[in-house]
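# Observations on chain architecture
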Amino acid sequence: MDNNNHQRLRKNPSRETCEGIIKRILMSEVLQHGSNCHFKNASDFLSYFESLYPASDALTKQIQRAVRALDMPKDENGYFIVNKTTDQFHQETEISRAFSEGGVTINPMENVETVFLSVPPHMRSYLIHLLEESITFSDKYITIMETSNGLIFYTNNKKQLLVLLNSLIN
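Quick caveat: nothing in here was measured; it's all calculated off a predicted structure.

What follows covers the packing of aromatic side chains. By the definition in use, this model includes four aromatic pairs. A centroid spacing of 4.6 Å and a plane angle of 10° characterise the contact between Phe 39 and Phe 45, whose relative ring orientation is stacked. Relative accessible area serves as the criterion here: at 0%, Phe 45 is assigned to the buried category. Here a set of aromatic residues connected by ring pairs shows up, and it is made of Phe 39, Phe 45 and Phe 80. Stacked on the ring of Tyr 79, the Lys or Arg Lys 40 has its end atom at 4.8 Å from the ring centre.

Structure representation (structure tokens):
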């Protein structure tokens, strides 16, 4: 081995290189095991890096800097969560808490139909309020949206909604 190759192998990786390697390690872990169940601290990556670079305090510090820079949150068991910053994790946790607290459900819109109601601008908000308060309309639509020319209803039963609207318009 010539001297240039020998020196190149002995050089510690940059923090950015360490970050990339750590992300790849964690992504492989998630793909193989479904989640990270081995890496909690910077020192957990050390054996992998020492297989590529000579062990040194500088290498250890570089790995620690990379882990800090990645700002990865940890799961409830203390393992790193890959591809999220701590801020993203906290935001998602708060969104999840709000969803749970609000009893949020997902309603796929594949089978939903729309009905457009032409309404003058000065009446749109008032009509939305009346329709939202109406016992008769309560199960006839999923949501109502104000548009530039009127109101759009999203409904699971277009025929029933049209019959009711027509009975009130005529």
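Once you've had a look at it, read on.
Position of Ile 142 among the secondary structure elements: in the loop between helix 6 (124–133) and strand 2 (143–146). If we skip the residues at most four places from it in the chain, Ile 142 touches Val 112, Tyr 154, Thr 155 and Asn 156.

Helix packing for two helices is described by the angle between their axes and how far apart those axes are. One way to put it is that helix 2 (residues 15–33) packs onto helix 4 (residues 57–70) with a least axis distance of 8 Å and a crossing angle of 70°. The angle between the axes of helix 2 and helix 4 places the two elements in the roughly perpendicular class. Two packed elements cross with a definite hand, and for helix 2 against helix 4 that hand is right-handed. Contact residues: Arg 15, Cys 18, Glu 19, Ile 22 and Lys 23 in helix 2; Gln 62, Ile 63, Arg 65, Ala 66, Val 67, Ala 69 and Leu 70 in helix 4. Of the residues assigned to the contact of helix 2 with helix 4, the class counts are seven nonpolar, one polar and four charged.

We now examine the nonpolar core. Core analysis: the largest hydrophobic core is formed by 19 residues, its most contacted members being Ile 22, Leu 26, Phe 45, Phe 49, Ile 63 and Phe 80. Contributing elements (two or more residues each) for this core: helix 2, helix 3 (46–50) and helix 4. Counting residues in hydrophobic clusters, the runner-up holds 13 residues, among them Leu 131, Ile 144, Phe 153 and Leu 165.

Turning our eyes to something else, we now look at helix 6. When we look at burial in helix 6, the residues that qualify are Arg 124, Ile 128 and Leu 131. Taken around the axis of helix 6, the buried residues stretch over an arc of 70°, which confines them to a single face. Of the residues in helix 6, the exposed ones pointing more than 90 degrees away from the buried face are Ser 125 and Glu 133. On the buried face of helix 6, the contacting elements are strand 2 and strand 3 (150–155).

This part takes up the side chain of Asn 36. Within the fold, Asn 36 resides in the loop between helix 2 and helix 3. Residue Asn 36 is classed as buried on the basis of its relative accessible area of 5%. A distance of 3.1 Å separates a polar side-chain atom of Asn 36 from the backbone nitrogen of His 38. Looking at Asn 36, its side chain comes within polar contact range of the main-chain oxygen of Phe 80, at 2.9 Å. For Asn 36, the residues in contact, after removing those within four places along its chain, are Leu 26, Glu 29, Val 30, Asp 75, Tyr 79 and Phe 80.

Looking at the protein, the pLDDT average stands at 91 and 94% of residues meet or exceed 70. Taken element by element, the protein is modelled with least confidence in helix 1 (residues 3–10), mean pLDDT 48, and with most confidence in strand 3, mean pLDDT 97. Below a pLDDT of 50 lies the segment residues 1–8, which in the model reaches two contacts outside its immediate sequence neighbourhood of four places, other chains included.

What follows is about the pattern of salt bridges. Proximity of charged atoms lets side chains of opposite charge pair with each other. On inspection of all chains with the given rule, the structure shows six salt bridges. Residue Lys 84 is joined to Glu 92 by a salt bridge in which the shortest nitrogen-to-oxygen separation is 2.7 Å. With relative accessibility at 37%, the residue Glu 92 sits in the partly exposed group. With a shortest N-O distance of 2.7 Å, Asp 139 and Lys 140 are connected by a salt bridge.

Thresholds, definitions, all that
- Position labels on residues start from 1 in each chain and follow its written sequence.
- For a predicted model such as this one, the threshold for reporting local features is a pLDDT of at least 70, and the threshold for listing and counting side-chain atom pairs is 80 or more; totals across whole chains, interfaces and linings nevertheless cover every residue.
- In computing side-chain properties, one takes all heavy atoms of the structure into account and sets aside hydrogens as well as water.
- Whether two aromatic rings pair depends on their centres lying within 6.5 Å, for rings of Phe, Tyr and Trp, where Trp uses its six-membered ring; planes under 30 degrees apart make the pair stacked, over 60 edge-to-face, and the rest tilted.
- Here the term buried applies to any residue with accessible area under 20% of the maximum for its type, exposed to any over 50%, and partly exposed to those in between, with areas from a 1.4 Å probe on protein chains only.
- Definition used: whenever NZ (Lys) or CZ (Arg) falls within 6 Å of the ring centre and also within 35 degrees of the ring normal, the charge is taken to sit over that ring.
- Only DSSP runs of H or I reaching four residues or more are called helices, and only runs of E reaching two or more are called strands; each is numbered from the N terminus.
- Contacts are assigned to residue pairs that have any heavy atoms within 4.5 Å of one another.
- To get an axis, fit a line to the C-alpha atoms, keeping to the stretch in contact for a helix; angles then go from 0 to 180 degrees between the N-to-C directions.
- When describing relative orientation, an angle under 35 degrees is termed roughly parallel and one over 145 degrees roughly antiparallel, while 65 to 115 degrees is termed roughly perpendicular and anything else oblique.
- Here a crossing is called left-handed whenever its near helix is offset anticlockwise from the far helix by less than a right angle, and right-handed whenever the offset is clockwise.
- By the convention adopted, Pro, Cys, Tyr, Trp, Phe, Met, Ile, Leu, Val and Ala count as nonpolar, Lys, Arg, Asp and Glu as charged, and the other residues, Gly among them, as polar.
- In these notes, a set of buried Ala, Val, Leu, Ile, Met, Phe, Trp, Tyr and Cys residues joined through side-chain atoms within 4.5 Å is what counts as a nonpolar core.
- The reported arc concerns the directions from the helix axis to the C-beta atoms and nothing else.
- N or O atoms closer than or at 3.5 Å make up a polar contact, with two conditions inside protein: a donor-capable atom paired with an acceptor-capable one, and, for residues adjacent in sequence, both atoms drawn from side chains.
- Per-residue confidence from the prediction method is given by pLDDT, with values spanning 0 to 100.
- Salt bridge, as used here: a side-chain nitrogen of Lys or Arg that lies within 4 Å of a carboxyl oxygen of Asp or Glu.

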